[in-house]
Amino acid sequence: MSPSNSVLEEFAYLALSLIALGSGLVAVSTEQAVYAAVALGFTGTSVAGLIALLGYGYVAAFHLLVYVGATVTFMVFSVVMMRQEPRLMRSLATVSVLNAVLLGLVFYMIAVSTGIGGVLPSINIDLGRVAKEFIDDYWFPLLLVVASLATIMIEGIVVARGEKK
Amino acid sequence: MTIEMYYVTAAMLFAIGAYGAIAHRSAVRILISLELMFNAELLFLLAMASSIGALQGMILALFVIALTSSEIGVTVPIIVFMFRILGTTDVTRASKMKG
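Here's a quick rundown of the structure. None of these values were measured; they are calculated from a predicted model.

Calculation notes
- Residues numbered from 1 in each chain as written.
- Chains lettered and ligands numbered in written order.
- Predicted model: local features only at pLDDT ≥ 70, side-chain atom pairs only at ≥ 80, totals over all residues.
- Heavy atoms only, no water.
- Helix = DSSP H or I, 4+ residues; strand = E, 2+ residues; numbered from the N terminus.
- Buried < 20%, exposed > 50% of the residue type's maximum accessible area, 1.4 Å probe, protein only.
- Contact = heavy atoms within 4.5 Å.
- Expected span 1.5 Å × (residues − 1).
- Bend = angle between axes of the 7 residues up to and from the residue.
- Salt bridge = Lys/Arg side-chain N within 4 Å of Asp/Glu carboxyl O.
- Polar contact = N/O pair within 3.5 Å; in protein donor to acceptor, adjacent residues only side chain to side chain.
- Patch = residues over 30% accessible without salt bridge, like charges linked within 9 Å, V, L, I, M, F, W, Y side chains within 5 Å.
- Areas by Shrake-Rupley, 256 points an atom, 1.4 Å probe, with all protein chains shown as cover.
- Axes fitted to C-alpha atoms, helices over the stretch in contact; angles between N-to-C directions.
- Parallel < 35°, antiparallel > 145°, perpendicular 65-115°, else oblique.
- Nonpolar A, V, L, I, M, F, W, Y, C, P; charged D, E, K, R; others polar.

## A short note on the overall build of chain A
Step number 1: Across its full length, chain A holds six helices and zero strands.
Step number 2: In chain A, the succession of helices and strands from N to C terminus is α-α-α-α-α-α.
Step number 3: Looking at the 165 residues of chain A, the share that counts as buried comes to 36%.
Step number 4: Within chain A, residue pairs in contact and separated by at least 24 positions form 61% of the contacts whose partners lie at least 6 positions apart.

Structure, rendered in structure tokens:
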């Protein structure tokens, strides 16, 4: 990788990380649930960008299409139907900040203790190979995922029909 | 660029999500916070997988994203029904729902 590409990559990483963390903060702190759901969409988009920077272009595209494009949009439209909601539990706010910091530290320590680190390797995965792995080795989990998504579709139809009077 | 930088971002995002999941009373806000934690976990998983098994990590990530979509598809209608029945999404009042 040329030095200019490396600088560009670091700049992209910093920008995407800041957007992801900033949107995350907005999602947990804003008063309106709709804005929180939209902020979650921005976080999802930024995380997809970070995933692409790691070298997983297909996963990033899948994350954008399925997670941000469908799931978060579904959540935004559902939240629109609800009124103003209860606020923070003030008694738990301080404890939760402390807990969040400790969880973040534990999360990081797990990563450090496994010894996995260093410079990012370049990743080139053939999509045909992934599809072959899915069909040959992971056919049962794939079947379960398809069944669960079909269940969601049926559930969506039931919810959309509403209650019979 | 090092993998540790991605760990830091994932840890911070996870911490923000954990704060929201504990501190909020609204089911919608708790779900949104849990989704922030999911995004952090996904980033963490793929950062780790880039060193020890890129293909398996990619397959696991695809499954996880699909299952999370299913999870939201189940959870959001439950919250909608809760709002229809109770008129609120306050989780402290969820025990008043009848099965």
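There is more to say, and it comes next.
## Observations regarding helix 3 (residues 57–80) of chain A
Step number 1: Between its first and last C-alpha atoms helix 3 of chain A spans 32 Å; for 24 residues at 1.5 Å apiece the expected length is 34 Å, and the two agree.
Step number 2: At His63 of chain A, helix 3 of chain A shows its maximal bend, which comes to roughly 25°.
Step number 3: Turning to helix 3 of chain A, its buried residues number three or more, namely Val59, Ala60, His63, Tyr67, Val68, Thr71, Val72, Met75, Val76, Ser78 and Val79 of chain A.
Step number 4: Contacts made by the buried residues of helix 3 of chain A are with helix 2 (33–54) of chain A together with helix 2 (27–52) and helix 3 (54–86) of chain B.

## A word on the interface of chain B and chain A
Step number 1: Contact with chain B, which involves 73 residues of that partner, is made by 79 residues of chain A.
Step number 2: For the pair chain B and chain A, the number of links is zero salt bridges.
Step number 3: One can count 13 residue pairs in polar contact (both at pLDDT 80 or more) joining chain B with chain A.
Step number 4: Mapped onto the side of chain B that touches chain A, the elements with two or more residues apiece are helix 1 (3–23), helix 2 and helix 3 of chain B.

## What about a nonpolar patch on the surface?
Residue and element names in this part refer to chain A.
Step number 1: A contiguous nonpolar patch, built from Val97, Leu98, Val101, Leu102 and Leu105 and spanning about 450 Å² of accessible area, is present on the exposed surface.
Step number 2: Counting through the fold element by element, Leu98 comes out in helix 4 (residues 90–113).
Step number 3: Take Leu98: its relative accessible area is 54%, and that puts it in the exposed class.

## With respect to the packing of helix 3 of chain A against helix 2 of chain B
Step number 1: With their axes 12 Å apart at the nearest point, helix 3 of chain A and helix 2 of chain B run at an angle of 175° to one another. Compared by their axis directions, helix 3 of chain A and helix 2 of chain B come out roughly antiparallel. Contact residues: Val59, His63, Tyr67, Met75 and Val79 of chain A in helix 3 of chain A; Val28, Leu31, Ile32, Glu35, Phe38, Asn39, Leu42 and Leu46 of chain B in helix 2 of chain B.
Step number 2: Of the residues in the contact of helix 3 of chain A with helix 2 of chain B, the class split is 10 nonpolar, two polar and one charged.

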